[in-house]
Amino acid sequence: MLKKLISQNVINAIEKAVSSGNLGQMTDTSAVNVVVEKTKNPEFGDYAVNVSPLARYAKLPPNKIAEAIIASIEFEDAKIDNVGGFINFKLGKSWLNKSIKLINDKKEDFGKFEPETPEKILLEYVSANPTGPLHIGHGRWAVVGSCLADLLKFVGHEVSEEFYINDAGNQINNLSRSLWLRVLQEMGKDVKFPQTEEEGVKNYYPGEYLIDVAKQYLENNKAKAEELYTKYPDAFAPGEEVMKEMAGFGKAVLLEQQKKLLDKFRVHFDTWYSELSLHDKGEVEQAVETLKEKNQIYEQEGALWFKSSEYGDDQDRVIIKSDGAYTYLTADIAYHYDKLKRNFDRLINIWGADHHGYVARMKAAIAALGYDSNKLEVLLGQLVNLIIGGEQVRMGKRRKMLTLEELIDEVGIDATRFWMIMRSIDTTLDFDVDLAKSCSDENPVYYVQYAHARACSILRNSTQDRVDQESNSTLPPFLAQGEFDSLYKTENFDINILDSLWNTDDEKELESTKALILKLESFEDLIISSVKNRAPYMIARYLQDLASTFHQFYTFTRVLNVEESVMKSRLALVYSTKQVLFNGLNLLSVSAPESM
């Protein structure tokens, strides 16, 4: 990691300059924060450090501070300049060659690092109601969550992925009522869904997806359905027995559909945690009793209130209503209490932005239960706008839906995953279906995958027989397989072959080669930033930049059919590019095709 190396060298130089009295009035280096940035203009160098913030301690002009620090820097094979308080580093070829060797040495492990404190993390995401097909928003949380889990595992954390099944509460009652109507319709009964608020339209899911569920139910339960209809002839007053029967069957079928789709979508959970099990095991009641014991509950107007305002919430919250029913918050408190008792170091939740008000409540509950509320991290995500034919498509459970499964079938798993992870989670995502399906440079996933395929093609062609275009005769390959293997097998790799990368007077070749190596090397810094910011979208953005840099390199630099030493060095660089593209795509669970 060149940035880290440069940073440490600058820090060491600052300490030397201070100890020798060359940094004016500065006597303490504990507050020094060295930030290494890529220069905006390559003419000034590759990396830069702004030392102007030290002026407040040294009482010297930034230019003088930079001069004093440069005098103490020990950094070989680099041109180091002072430009208006910026220390600029222009790296020599030895650093660039070492970067390529490191990629070839580490291969699939390139980018990994050991965290200072590896954590046991519970990552909960998607957590949809088992009342219908997964929608497009669920798809975004699924991709973000699975990519974040893989990223955290990649750097050494122990991550457990969990899906919280919201299989209790009013939404399940709505499912039961809706499925019963669909069952009756399939039995030939003349019943229709309510159409107005007065008729109770909000208590039903009229989506057509329940027609297939009703048919499945009747395949083996027709006699049971007839019996229930005889006992409860009013379709809109089905009775507890019907509600329980429909809930049990509907939840099972729809949850299984969700599981199969997520598995197909390369999203895999370690635990499927049922909300209903919290009630069945008495954990909701236990959580309330624990809060009572800790004097965090009081009664007012016949309801029980949690003193959440004492822990940063904007007001206290009802957890048991005056009619004795639990609120949604109560089960969520119990669920997080259970998470905490499972001894995770960190809890990460991915919620929709409409749950932003819940964050303070949940942190308050964690603190009131006697735990550190900072153990909980909540990533709030914006929705997805689906664009088809240049127009936004509306989606919803209460009408004919465009589901996640339909989107995947339309554009493919790779394109859906890549598009879902392209933007920061706190930014609304416009998913252009037509563009995602296209085989063009405008389609980000195609552009990145094509870069990988192009690298594979170059490597493949180097060891294959060729055809002379004039005589139509067969020519031997550029390299024998054994020679090619020495370019990437760790035990055979000779760093000296990379010196030939710089055997050219063509400025475009030199510039594009160096730009590509620096982009490859920055993958390690990218992983650190992505983990720190819980931002796997940064990987997708990086891959697009890397693909662009590689395509530019290929435009200006001939790899095959050049002097052998130059060809070998450039093939080694192409191999490194292929490896980093693969590593990045693999972290996103997007395939890296070898031909397109």
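Residues numbered from 1 in each chain as written. Predicted model: local features only at pLDDT ≥ 70, side-chain atom pairs only at ≥ 80, totals over all residues. Heavy atoms only, no water.

Asker: Honestly, the layout of surface pockets in this entry has me stumped. Any pointers?
Answerer: Empty space among the atoms can be located by rolling a probe the size of a water molecule over them. Taken as a whole, the second largest pocket encloses approximately 1000 Å³ of empty space. If you go around the second largest pocket, you meet 32 residues; those closest to its centre are Lys38, Asp46, Ala515, Leu518 and Lys519. When contributions to the lining of the second largest pocket are tallied by element, the ones reaching two or more residues are β4 (86-91), α4 (93-106), α18 (507-521), α19 (523-532) and α20 (537-556). Ranked by the residues each element gives to the lining of the second largest pocket, the list is headed by α18, at 7 residues. (1 Å grid on protein atoms, 1.4 Å probe; cavity = no way out; pocket = protein on both sides within 12 Å on 5 of 7 lines; lining within 4 Å. Points joined across faces, edges and corners; volume = space filled by probe spheres on them. Helix = DSSP H or I, 4+ residues; strand = E, 2+ residues; numbered from the N terminus.)

Asker: Even after reading the chapter, I still don't get the side chain of glutamate 377, so can you show me in this structure?
Answerer: With respect to the secondary-structure elements, glutamate 377 resides in strand β12 (residues 376-381). Overall, the relative accessible area of 19% leaves glutamate 377 in the buried class. Polar contacts involving the side chain of glutamate 377 include one to the side chain of arginine 346, which spans 3.1 Å. A polar atom in the side chain of glutamate 377 sits 3.0 Å from the side chain of arginine 534. Residues within four places of glutamate 377 in sequence aside, it is in contact with Arg346, Leu347, Ile348, Asn349 and Arg534. (Buried < 20%, exposed > 50% of the residue type's maximum accessible area, 1.4 Å probe, protein only. Polar contact = N/O pair within 3.5 Å; in protein donor to acceptor, adjacent residues only side chain to side chain. Contact = heavy atoms within 4.5 Å.)

Asker: Looking at this structure, I do not really get the packing of helix α6 (residues 170-186) against helix α7 (residues 209-231). What am I missing?
Answerer: A pair of packed helices can be characterised by two numbers: the angle between their axes and the separation between those axes. Relative to each other, α6 and α7 sit at 80°, their axes nearing to 8 Å. Judged by the angle between their axes, α6 and α7 are roughly perpendicular. Of the residues in α7, those in contact with Leu175, Ser178, Leu179, Trp180, Arg182, Val183, Leu184 and Glu186 of α6 are Leu210, Ile211, Val213, Ala214, Lys215, Tyr217, Leu218, Ala225, Leu228 and Tyr229. Each residue belonging to the contact of α6 with α7 can be placed in one class, and the counts come to 14 nonpolar, 1 polar and 3 charged. (Axes fitted to C-alpha atoms, helices over the stretch in contact; angles between N-to-C directions. Parallel < 35°, antiparallel > 145°, perpendicular 65-115°, else oblique. Nonpolar A, V, L, I, M, F, W, Y, C, P; charged D, E, K, R; others polar.)

Asker: Even after reading the chapter, I still don't get the environment of lysine 79, so can you show me in this structure?
Answerer: Structurally, lysine 79 can be placed in strand β3 (residues 78-83). Along the chain, lysine 79 and phenylalanine 89 lie 10 residues apart, while their C-alpha atoms are 5.8 Å from each other.

Asker: Explain the packing of aromatic side chains to me, please; I cannot follow it from the model alone.
Answerer: Here the distance between the centres and the angle between the planes together describe a pair of aromatic rings. Throughout the structure, instances matching the rule amount to 20 aromatic pairs. Here the aromatic rings of tyrosine 217 and phenylalanine 249 are separated by 5.1 Å at their centres, their planes lie at 80°, and the arrangement is edge-to-face. Here phenylalanine 249 lies in helix α8 (residues 239-264) and tyrosine 217 lies in helix α7, a separation of 32 residues in the sequence. Assessed through its relative accessible area of 22%, phenylalanine 249 is described here as partly exposed. Between tyrosine 337 and tyrosine 371, the aromatic rings sit 6.4 Å apart at their centres with planes inclined by 70°, giving edge-to-face as the arrangement. In this pair, tyrosine 337 is assigned in helix α11 (residues 328-341) and tyrosine 371 in the loop between α12 (356-368) and β12, connecting sequence segments 34 residues apart. On the basis of relative accessibility, which here comes to 11%, the residue tyrosine 337 falls in the buried class. (Phe/Tyr/Trp six-rings, centres within 6.5 Å; stacked < 30°, edge-to-face > 60°.)

Asker: I would appreciate a short explanation of the sheet that holds strand β6 (residues 158-165) in the present structure.
Answerer: Sheet strands line up and pair through hydrogen bonds in the backbone, either parallel or antiparallel. The strand order β7-β6-β5-β11-β12 describes an open sheet built from 5 strands, whose pairing is parallel. Strands at the two margins of the open sheet, each flanked by one partner only, are β7 (271-274) and β12. Strand-to-strand, the axes of this sheet are offset by a mean angle of 25°, without reference to chain direction. Bridge analysis of β6 against β7 gives 4 bridges, and the strand direction is parallel. Of the residues in β7, the one forming a bridge with glutamate 162 is threonine 271. Contacting β11 (346-352) and β12, α12 runs over the sheet at an angle of about 175° to β12. (Pairing = 2+ DSSP bridges.)

Asker: Looking at this structure, how should I read a negative patch on the surface?
Answerer: Negative charge collects at one region of the surface, where Glu43, Asp505, Asp506, Glu507 and Glu511 lie side by side. Residue position: glutamate 511 is located in helix α18. (Patch = residues over 30% accessible without salt bridge, like charges linked within 9 Å, V, L, I, M, F, W, Y side chains within 5 Å. Areas by Shrake-Rupley, 256 points an atom, 1.4 Å probe, with all protein chains shown as cover. Salt bridge = Lys/Arg side-chain N within 4 Å of Asp/Glu carboxyl O. Lys, Arg positive; Asp, Glu negative; His and termini not counted. Charge placed at Lys NZ, Arg CZ, Asp CG, Glu CD.)

Asker: Explain unusual backbone geometry to me, please; I cannot follow it from the model alone.
Answerer: Peptide bonds are trans in most cases, and residues, glycine excluded, mostly fall at negative phi. Despite not being glycine, lysine 59 has its phi angle at roughly 55°, a positive value. Mapping lysine 59 onto the fold places it in the loop between α2 (55-58) and α3 (62-70). Of note in the backbone geometry, asparagine 295 takes a positive phi value of approximately 60° without being a glycine. With respect to the element layout, asparagine 295 can be found in the loop between α10 (283-293) and β8 (297-300).

Asker: Is there a simple way to explain the packing of α18 against helix α21 (residues 564-587) in this structure?
Answerer: Following both chains from N to C, one finds α18 and α21 inclined at 35°, their axes separated by 10 Å at the closest point. Seen from above, α18 lies across α21 with left-handed handedness. Contact with α18, carried on its side by Glu509, Thr513, Leu516, Ile517 and Leu520, involves Arg570, Leu573, Ser576, Thr577 and Val580 of α21 and no other residues of that element. Here the residues of the contact of α18 with α21 sort into 5 nonpolar, 3 polar and 2 charged. (Left-handed = near helix turned anticlockwise from the far one by under 90°.)

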